[in-house]
Amino acid sequence: MMEVESGEGKSNCINDAKNQRRVGLIYDQRMCKHHTADGDYHPENPNRITAIWDKLRLAGIPQRCVLLNAKEAEDKYLCAVHSKNHVNLIRNISSKQYDSKRNRIASKLNSIYFNEGSSESAYLAAGSVIEIAEKVAKGELDSAFAIVRPPGHHAEYDEAMGFCLFNNVAIAASFLLNERPELGIKKILIVDWDVHHGNGTQKTFWKDPRVLFFSVHRHEFGSFYPANEDGFYTMVGEGPGAGYNINVPWENGRCGDADYLAVWDHILVPVVKEFNPDIIIVSAGFDAAVGDPLGGCRVTPCGYSVMLKKLMDFAQGRIVLALEGGYNLDSIANSALACMEVLLEDKPISGFSDAYPFESTWRVIQAVRQELTAYWPTLADELPTKLTNLRAPPHILLVSSESDEEEDEASKIVSEDLVEAVEDVVVPLLKLKIEDNHDWQSELSNTDIWYATFGSNMWKSRFLCYIKGGQVEGMKKPCSGSRDRKPPKEILWKTCPHRLFFGRDFTQTWGPGGVAFLHPQSNSQDKAYMCLYRITLEQFNDVLLQENILDHDNNMNSPLFDLNALNSILHEGSLSLEVVKRGWYHNVVYLGKENDIPVLTMTCPLSVIESFKSRKIPLRAPCKEYEDILLRGLIEGKQLSEEEAKSYIHEAITKPL
C-alpha cells in the first residue's frame with residue numbers, strides 16, 4: 001500500500017515549477033489479493049498491476065506524481081450503478097460464510113472467479129477511481145491514473161462478468177454527476193479503448209445525455225467477447241441519450257495505430273468538439289496492444305500516446321485513466337508508461353509509423369458516421385475518396401477457429417511483426433493461390449482418410465458444422481463449411497495412447513476457457529477417446545483451413561495437405577504445415593490405419609507442448625458450453641456413461657502434463 005497522501009496531506013516528490021502538471025497516481029498492493037482460489041493461471045492476475053508499477057518506478061514516474069491512498073468505495077455510491085443484491089454479493093463473497101459456495105457462485109457467472117481477497121480488491125478498485133476523479137474534478141489534480149484491478153467495464157447492474165466485479169468507471173462518473181453537483185461537472189466523456197466492448201458502461205448511461213460513451217473494440221459481427229450485438233454501431237442510445245452512445249466495432253483483429261487514429265480523427269475528435277465535456281474518463285484497457293494474448297490487435301505504446309494526447313486538447317486536459325484489461329505484462333507496462341509520460345507532458349511523442357488503416361476500418365468509420373449524422377451534423381460530410389483509398393494491404397488472420405490469434409515474441413516489436421506477417425503469412429498464401437493446380441479437388445475427393453477427433457468434434461452435430469456450415473448451441477460464431485458438403489461415409493470410435501489436455505485462455509468459437517489438445521507423442525500410460533469420421537482428403541483440407549485460418553477463402557487453388565503430404569506422413573508420423581503455422585492445430589499426426597485407410601488428427605506441435613508445461617501458454621479448463629459438447633459426444637457415441645465422461649474430462653483438466 002502507498003503511504004503518501006495527496007494534496008493537503010503528506011509531502012510528495014513533486015517539481016514545484018508553476019507549469020508542472022499535477023498528475024495523480026494510485027497503486028495499492030491490496031488489490032493483488034484477488035486471485036484464483038487454487039493458484040491456477042488466469043490472465044487477469046495480480047502481476048498485471050505489479051508489472052505496471054515496477055515499470056513506472058524504474059522510470060522515476062511516481063516521484064513526479066501526487067501519490068494517493070486507495071480508498072474503499074461506499075455502498076451508496078456503488079448502488080447508484082449496481083443493484084443492492086449485487087453489491088451485497090461482492091461485499092460478502094470473501095467472507096467465511098461463503099467459503100463452501102464461493103466457487104459454485106463464480107461458476108454460474110460469465111468469466112468470473114472469487115477468493116478471500118476479492119471483496120476488498122473490488123471495493124478498493126471502485127473507490128480509487130472515485131478518489132482520483134473527484135480530485136481532478138476539484139482541480140486539485142490536472143489528471144490522474146488509477147492502477148486498479150479487478151477491471152470494471154463489463155460489470156452490469158446486477159451481474160459480474162468478463163473478469164469485472166464493480167463497474168469502476170461508471171461508478172466514478174455517476175458519483176461526479178449525482179453526488180458532487182457543486183463541482184460543476186455536467187458533461188462527461190468516457191472513452192473505452194479496451195479491445196472488448198464496454199457493455200456494462202454502455203447500459204449504465206444508455207438514456208443519459210450527460211455522458212458521451214465512446215467504445216472502439218473488436219466485435220466481428222457479435223462473435224468477439226462479450227459476443228452479442230450490444231457493441232454494434234447501430235446501438236446509439238435511447239430517449240434523451242440517443243446519439244450519446246458511440247460504438248466503433250472492428251470487423252477483424254490486427255488493427256493498429258493507423259486504424260485507431262483514423263477513428264480518432266474522423267469520429268471521436270469531431271464529436272468531442274461539439275460535446276465539449278467537462279472531464280474525460282478513459283477505460284484504459286491495454287489488451288489492444290501488440291502481443292496481447294486475448295486482443296489480437298497491434299496498438300503500440302506510441303499509438304496510445306497519440307490517442308491520449310489528442311484527448312488532452314479537451315476538458316482543459318482534465319483526464320482520468322482507469323486500468324481495465326491488458327494481459328501481456330510487457331505490453332501493459334510499456335503502454336501505461338507511455339500514457340503517464342503524456343499526462344506529465346514529459347517529452348515529444350515519436351516512433352509513429354506510416355502505416356495505413358485497413359479497408360475494413362474505413363468501411364466501419366463510414367458506417368458509424370452515417371449512423372450518427374442525425375445526432376452530430378459534423379459527421380455528415382462524406383470522407384474524400386483520396387483519403388479512404390489510403391489503406392493497408394488486405395489482412396490475413398492465421399488463427400485457430402477455436403482461438404484468438406497466437407502471438408510470438410516477434411510480435412512485441414512492430415517492425416519485426418510486419419516483416420514476419422509478410423514473410424510467414426502473406427507470401428505462402430499468395431503462393432498457395434497462384435499455383436496452377438486447378439484439379440486438386442477432384443484428385444483428393446477420390447482419396448479417403450479417417451479424421452480422428454478428440455475435442456468438441458467428437459459430437460457429430462458439432463463436426464458437421466465444418467462440413468455443412470453453421471453452428472450448434474454454445475458456439476459464438478458459425479463455421480463456413482466445406483465445398484463438398486456430403487456427410488461422413490462412416491463413423492467409428494477408437495482409443496489411442498495419447499494424452500488429452502485443455503489449454504489457451506479464450507476462443508472465438510466458445511469465448512473464455514480452454515480447448516482440447518492432444519499430445520502429439522504417444523504414451524502407453526495415456527488413453528484418449530476419439531471419434532473417427534471417414535471423409536475425403538478434400539474435406540480434410542477444408543477442416544484444416546477452418547481450424548487454422550480465421551479469414552479464410554474456401555476457393556483455394558492448392559491444397560494445404562496433398563497426396564505427397566499424405567505419403568510423407570505415413571513414414572514420418574507427423575507433419576507441421578508451414579503455411580498455417582500460426583494456427584493452433586497445424587500439426588497433422590498419423591495414428592495408423594483402420595480398414596487400410598490412414599487415420600489422421602490435427603493438434604499442436606511438440607514445441608508448443610513445452611510452452612504449455614512452462615505455463616508460457618496457459619493450461620485452462622474449458623468453459624461449460626464446450627465441456628457440455630464433449631460430454632454429449634462421449635455419451636451419445638455410447639463410449640462412456642455421464643459419470644464416466646465427466647471423470648474422463650476432469651482428469652484431462654487436472655492431470656499434470
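Look above for the structure.
Fair warning: this is a prediction, and the values are worked out from it, not measured in the lab.

A.B. asks: Explain the overall build of the protein to me, using residue names and the numbers behind them.
C.D. replies: Across its full length, the protein holds 20 helices and 18 strands. Relative to its 657 residues, the protein shows a buried fraction of 61%. Partitioning the contacts of the protein with sequence separation of at least 6, the portion at a separation of at least 24 is 77%. Accessible surface for the protein amounts to roughly 25,500 Å². Of this, 48% is attributable to carbon and sulfur atoms.

A.B. asks: Describe the pattern of salt bridges, and please don't skip the residues or the numbers.
C.D. replies: Scanning the model with the defined rule gives 36 salt bridges in all. Here E636 makes a salt bridge to R632, at a shortest N to O gap of 3.3 Å. Taken together, the residues E636 and R632, both in helix α19 (residues 624-636) and 4 residues apart, mark about one turn of the helix.

A.B. asks: Just give me the short version of unusual backbone geometry, but keep the residues and values in it.
C.D. replies: A cis amide bond, omega 0°, links R149 with the succeeding residue P150. Residue position: P150 is located in the loop between β3 (143-146) and α6 (168-179). Cis peptide bonds are those with omega within 30 degrees of zero, and the linkage from Y225 to P226 qualifies with 10°. Relative to the helices and strands, P226 resides in the loop between β5 (211-218) and β6 (245-250). Located in the positive-phi region is F221, a residue other than glycine, with phi close to 60°.

A.B. asks: An account of the pairing of strand β1 (residues 23-26) is requested, with residue identities and associated values reported.
C.D. replies: Burial along β1 is two-sided: the face carrying V23 and L25 and the face carrying G24 and I26 are both buried. Pairing between β1 and β3: 4 bridges, direction parallel. Its bridge partner being in β3, L25 is matched across the sheet by F145. As defined by bridge partners, β1 adjoins strand β2 (residues 66-68) across 3 bridges and the pair is classed as parallel. Residue pairing for β2: G24 is matched across the bridge by V66. Crossover β1 to β2 through helix α1 (residues 47-58) is right-handed.

A.B. asks: Help me get a handle on the sheet that holds strand β16 (residues 574-576), residues and values and all.
C.D. replies: Hydrogen bonds between backbone atoms are what pair the strands of a sheet, whose relative direction is either parallel or antiparallel. Taken together, the 6 strands give an open sheet; going across it, the order is β10-β15-β9-β18-β17-β16, and neighbouring strands pair in mixed fashion. Every other strand in the sheet has two partners, leaving β10 (490-496) and β16 as the edge strands with one partner each. When the angles between neighbouring strand axes are averaged without regard to direction, this sheet yields 30°. Pairing of β16 with strand β17 (residues 587-594), which is carried by 3 bridges, proceeds in the antiparallel orientation.

Conventions used here
- Residues numbered from 1 in each chain as written.
- Predicted model: local features only at pLDDT ≥ 70, side-chain atom pairs only at ≥ 80, totals over all residues.
- Heavy atoms only, no water.
- Helix = DSSP H or I, 4+ residues; strand = E, 2+ residues; numbered from the N terminus.
- Buried < 20%, exposed > 50% of the residue type's maximum accessible area, 1.4 Å probe, protein only.
- Contact = heavy atoms within 4.5 Å.
- Areas by Shrake-Rupley, 256 points an atom, 1.4 Å probe, with all protein chains shown as cover.
- Salt bridge = Lys/Arg side-chain N within 4 Å of Asp/Glu carboxyl O.
- Pairing = 2+ DSSP bridges.
- Right-handed = clockwise from strand over helix to strand, strands pointing away.
- Axes fitted to C-alpha atoms, helices over the stretch in contact; angles between N-to-C directions.

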